[in-house]
Amino acid sequence: MRWWPTCSSWALWCSRNAKGGLNVDINVLRQIGVVLGAVAFLAICWWAFSPKRKKRFEEDAKLPFADEQESTKEDAQKSESRSGDEDGAKQEQGQDK
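Everything numeric in this text was worked out from a predicted model, so none of it was measured.

Here we come to the overall build of the chain. Scanning the chain for helices and strands turns up 3 helices and 0 strands. Written out in order from the N terminus, the α and β elements of the chain read α-α-α. Summed over its atoms, the accessible surface of the chain is roughly 8,900 Å², and 59% of this surface lies on carbon and sulfur atoms.

Set out below in structure tokens:
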């Protein structure tokens, strides 16, 4: 891979045209986009894997399971109360026949 096309495009970008403005080529814009994208990717990776946030992310990862544990406890309590009602209803139905 040759390095000079990149340098020549930056040189082209830095050169001034006849009106005094910057001469921006589409390749320069692509390079700027790649650099900004790489910087954003690295910033997100640093944020996600920072040791400061490890405890928070571990707690957040357990949230769906905490909700299931609460719901299973409630379901168990409801099923216990229902099973007593159902047994009584079954006994009553058996006595009717």
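The subject of this paragraph is a nonpolar patch on the surface. On the surface, a nonpolar cluster with roughly 340 Å² of combined accessible area is contributed by Leu-22, Val-24, Ile-26 and Leu-29. As for its position among the elements, Ile-26 is in helix H2 (residues 26-48).

Applying the stated criterion across every chain, the model contains 1 salt bridge. In this structure, the salt-bridge partner of Asp-60 is Arg-56, at a minimum N-O distance of 3.6 Å. Here Arg-56 and Asp-60 lie together in helix H3 (residues 54-96), a separation of 4 residues that amounts to about one turn. According to the relative accessible area criterion, Arg-56 is partly exposed, its value standing at 47%.

This part is about the packing of aromatic side chains. What the rule picks out here adds up to 1 aromatic pair. Considering the side-chain rings of Trp-47 and Phe-57, the 5.5 Å spacing of their centres and the 75° angle between planes classify their relative orientation as edge-to-face. Taken together, the residues Trp-47 in helix H2 and Phe-57 in helix H3 connect sequence positions 10 residues apart.

What follows covers the confidence of the model for the chain. Taken as a whole, the chain shows an average pLDDT of 76; of its residues, 61% reach a score of 70 or greater. Between the elements of the chain, mean pLDDT differs from a low of 57, seen in helix H1 (residues 4-14), to a high of 95, seen in H2.

The next thing to look at is a negative patch on the surface. Together, Asp-67, Glu-68, Glu-70, Glu-74 and Asp-75 make up a region of like negative charge exposed at the surface. Topologically, Glu-74 is positioned in helix H3. A residue is classified by how much of its surface remains accessible, and Glu-74, at 44% relative accessible area, is partly exposed.

Rules and cut-offs
Residues numbered from 1 in each chain as written. Predicted model: local features only at pLDDT ≥ 70, side-chain atom pairs only at ≥ 80, totals over all residues. Heavy atoms only, no water. Helix = DSSP H or I, 4+ residues; strand = E, 2+ residues; numbered from the N terminus. Areas by Shrake-Rupley, 256 points an atom, 1.4 Å probe, with all protein chains shown as cover. Patch = residues over 30% accessible without salt bridge, like charges linked within 9 Å, V, L, I, M, F, W, Y side chains within 5 Å. Salt bridge = Lys/Arg side-chain N within 4 Å of Asp/Glu carboxyl O. Buried < 20%, exposed > 50% of the residue type's maximum accessible area, 1.4 Å probe, protein only. Phe/Tyr/Trp six-rings, centres within 6.5 Å; stacked < 30°, edge-to-face > 60°. pLDDT = per-residue confidence, 0-100. Lys, Arg positive; Asp, Glu negative; His and termini not counted. Charge placed at Lys NZ, Arg CZ, Asp CG, Glu CD.

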